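Architecture at a glance
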Amino acid sequence: MKVRGQYGSGGILAIAASLSFVLPAAAADLAVMPVKAPAVAPPSPAFAWGGWYVGAHVGLAAGTSPWSSSAAGAAPVGGTFGFPVKFDFFGGTGSYVAGLQGGYNYVTPSHLLFGVEVDATLPNSDVARPPSIRGSQTVASPLLGQATYSEFVFHGGTARARVGYAADNWLVYATGGLAWTYDQVSRTQVDNAALAAGTQDAALLWRLGWAAGAGIEVPLSPRWSITGEFLATGFPDHGAFFPAAGELYRSSLVMESVRVGFNYHIGQDTSAADFFTQGVNALELNNFALHAQATYTNQYDPPFTAPYRGTNSLAPGIGRETFDYTIFAGMRLWQGAEAWINPEIDQGFGLSGSVGAAGFPSGEAYKVGADYPYVRLHRAFIRQTIDLGGEEQKLDSGPNQFSGSQTADRVVITVGKFGVVDVFDTNKYAHDPRSDFLNWTILDTGTFDYAADAWAYTVGAAVEWYQGPWTLRGGMFDLSIAPNTTVLDPTLGQFQWDAEIERRYAIMDQPGKIAVTAFLTRGRMGSYTDAIALAAATGMPASTALVRTYTGRGGISMNLEQQLVPNVGLFVRAGWANGQREAYEFTDVDRTAAAGLSISGKLWNRDDDTFGLAGVVNGISPEHAAYLNAGGLGILVGDGQLPHPGNEKIMEAYYSLPVYVAKLTFDYQLIVDPAYNRDRGPVSVLGARVHWQY
């Protein structure tokens, strides 16, 4: 079932050639202007190519890197690293890249175009290993022994001139200029030398080189265009010294990439002030839509009482930030069917590396973090809606949604890679860490141990049946290979069933809904009792990883949302999960209860402001507490001991207001007995978030 492709760098040229056929067809989605005389259609208005533009791109990259390494008294060793095109759907890794660009065009009266463009491009990574644009070789020599040499690319970019011909509704161009890249090279001793096996040398390299390529660009709307580009970059021989091995390492690098980009043309008639005030208009055509979002979050926890700490403890007096930029690109396939992909650029860490509290304070922080920005393909799915009748409901355009309509009675089928909580356990007042609350167990029910990789996405299918005021949902989803890891099980041998029943209603004309959600996980997981017994026999800390067997774990939860009066909404969540076995994917909660309010600023004449206030109490089973006291580690918690367990209690308040085209949010959380430990805390978490989308 694993989806994987292996292609040499020559495949990049073939893909680039195909773009010359694909891109002009995209222009057919432009709206046709009305005419007075049907027999004679007026020409389409000329696209304004001149002026400033900004945009984003995705693509595939491949390349080669000849290298050599030498030490005094030893014959040089060397070879060539290959960076082939590859893709692993379940691991989420591959040779794909994404980035941002911006530039300026000047068009002469004779349609010649002269422009400049600057871009930054980032490769995919699973964080646990180097980025996917990497290569390695193992070689041996009599003096140096056997060693593995590796090189991988963190990120790169270019500053280029563009020269082309701009017709009314298409542009062809050549481009060239400077390129840069930031790489790491390393050497790892394998055996047969004075150096101990595993000894590693590493060096970081900034490279400066050249870039050259060509592309074609066509308009999609009065402001948007799509571009297909082939780009080659070359970086001359560069050196690094490996001190442990006493070797001088040298390599050069040539990369080839094919990209599809989208440019928003600010034009010459829009000032910078207008652009930052009005923002970017989303692109939606008859059969294609493009949206994007960017979110920056910063949190700080001042010093608090912490007489001891363990591997998964929240550290006092630290600050951390996260950033993500997501592209939502969709296409209508046939009647009622849509395909969406969501490549995302991520960077940063949660507090203490996203551990220390079962109700972790930032839903914008993943379980893995990185100092450098990297790319993931978080969603790639098809959604089929089958209308069954009833009242026609209007749909507004937005991320992963086309504008249009649907009937109240319908069936919705979603297949591919997405988040379980995209479909299940949703709540209009507390569900989106980019616009409302931030705490994990307020955003989602803490006991809902939904299938996911370390970024909260999985592969599976969901079916929803809407009939009158009722909705039934069911789904099957892939688990990660082992609890709380980055790679999904490619055999689908470990999986989860989810089911939900929802009832919508009105009380005194105020709308509301209540949903009950259940899950059953089938996979290799450990029993807390077995882990404690093994620890007592060996004298080692308890570990569920040592006692895992193929078994099941289930849970059930309730989720309510209720408008109390216009502009004031209430939400309530409660849940229970089997506390005899370890949580598999989400967080360490066996029982939970949460409630809160969301209040619109319309009540005080600030229509776009929102105030939120919520609280949650999380608990664990006695066996779970005993496991933590025996030195066990959970997904997010584990102070090394737990002599005085208690419920984890969290309060969160936020205030969100518009600033230019963005939303600025101030957030405060108080965590009492973090990680169920009454010896540590309480912890205050101060936060700020900036969110922008179109």
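Below: a short report on this structure. Predicted, not measured: the structure shown is a model, and the values here were computed from it.

**Remarks on unusual backbone geometry**
- Backbone torsion omega between Gly681 and Pro682 reads 5 degrees, so that peptide bond is classified as cis.
- Its location among the elements puts Pro682 in the loop between strand S29 (662-672) and strand S30 (683-693).
- A positive phi angle is found at His111, which is not glycine, with a value near 75 degrees.
- Judged by its relative accessible area of 31%, His111 falls in the partly exposed class.
- Backbone geometry at Met508 places phi at a positive 55 degrees, although glycine is not the residue there.

**A look at the pattern of salt bridges**
- Per the stated rule, a full pass over the model turns up 30 salt bridges.
- Here Arg207 and Glu151 are joined by a salt bridge, their closest N and O atoms 2.7 Å apart. Highlighted residues: Arg207 in strand S11 (residues 200-219) and Glu151 in strand S9 (residues 145-166), separated in sequence by 56 residues. Like Arg207, the residue Glu151 is buried in the burial classification.
- Residues Arg473 and Glu502 are paired through a salt bridge, measuring 3.0 Å at the closest nitrogen-oxygen approach. One end of the pair, Arg473, is in strand S21 (residues 470-478); the other, Glu502, is in strand S22 (residues 495-507), and 29 residues separate them in sequence. The residues Arg473 and Glu502 share a single accessibility class, namely buried.
- One network of salt bridges, with partners in common, ties together Glu117, Asp119, Arg160, Arg162, Glu217, Glu229 and Arg259.

**Some points on the side chain of Ser527**
- In this structure, Ser527 sits in the loop between strand S23 (510-526) and helix H4 (528-538).
- Residue Ser527 is classed as buried on the basis of its relative accessible area of 17%.
- A polar side-chain atom of Ser527 sits 3.3 Å from the main-chain amide nitrogen of Thr529.
- Apart from residues lying up to four places away in sequence, Ser527 is in contact with Thr544, Val547, Gln580 and Arg581.

**Details of the pairing of strand S16 (residues 318-334)**
- Pairing analysis gives 14 bridges linking strand S15 (residues 288-301) to S16, with the strands arranged antiparallel. Directly across from Asp301, in S16, lies its bridge partner Ile318.
- As defined by bridge partners, S16 adjoins strand S17 (residues 337-348) across ten bridges and the pair is classed as antiparallel. Among the inter-strand pairings, Ala329 is bridged to a residue of S17, identified as Ile341.
- If you look at the hairpin formed by S16 and S17, you'll find two residues sitting between the two strands, and Gly336 has a positive phi there, around 80 degrees.

**Let's talk about helix H5 (residues 622-629)**
- Within the span of H5, buried status applies to His624, Ala625, Tyr627 and Leu628. Along the axis of H5, the buried positions cluster into a sector of 155 degrees, meaning they face one direction only.
- In the segment just after H5, Gly631 is the residue with positive phi, at about 90 degrees.

**Things to note about the environment of Pro45**
- By secondary structure assignment, the location of Pro45 is in the loop between helix H1 (10-26) and strand S2 (51-71).
- Owing to a relative accessible area of 56%, Pro45 belongs among the exposed residues under this scheme.
- Distance from Pro45 to Asn169, taken between C-alpha atoms, is 8.3 Å for residues 124 residues apart in sequence.

**Description of the nonpolar core**
- Judged by nonpolar contacts, the single largest core of 63 residues is most densely connected at Phe424, Phe437, Ile442, Phe448, Tyr450, Phe477 and Phe571.
- Ranked by size, the runner-up nonpolar core spans 27 residues in total, among them Leu122, Leu220, Ile266 and Phe275.

Reading guide: rules and limits
- Going along each chain's sequence as written, the residues are numbered from 1 onward.
- At least 70 in pLDDT is required for a residue's local features to be given in this predicted model, at least 80 for side-chain atom pairs to be given and counted, and no such filter applies to totals for whole chains, interfaces and linings, which use all residues.
- Side-chain calculation: all heavy atoms of the structure are included, whereas hydrogens and water are not.
- Secondary structure elements follow DSSP: runs of H or I of four or more residues count as helices, runs of E of two or more count as strands, with numbering from the N terminus.
- Buried means the residue's accessible area, taken with a 1.4 Å probe over protein chains only, is under 20% of the maximum for its type, while exposed means over 50%, and partly exposed covers the values in between.
- Only one rule defines a salt bridge in this text: a Lys or Arg side-chain nitrogen within 4 Å of an Asp or Glu carboxyl oxygen.
- The definition of a polar contact used here is a pair of N or O atoms within 3.5 Å, where within protein one atom must be able to donate a hydrogen and the other to accept one, and adjacent residues in sequence count solely through side-chain atom pairs.
- Residues are treated as being in contact if the distance between any of their heavy atoms lies within 4.5 Å.
- If DSSP finds at least two bridges between two strands, the strands pair.
- Directions from the helix axis toward the C-beta atoms define the arc.
- As used in this record, nonpolar core signifies buried Ala, Val, Leu, Ile, Met, Phe, Trp, Tyr and Cys residues forming a set joined through side-chain atoms within 4.5 Å.

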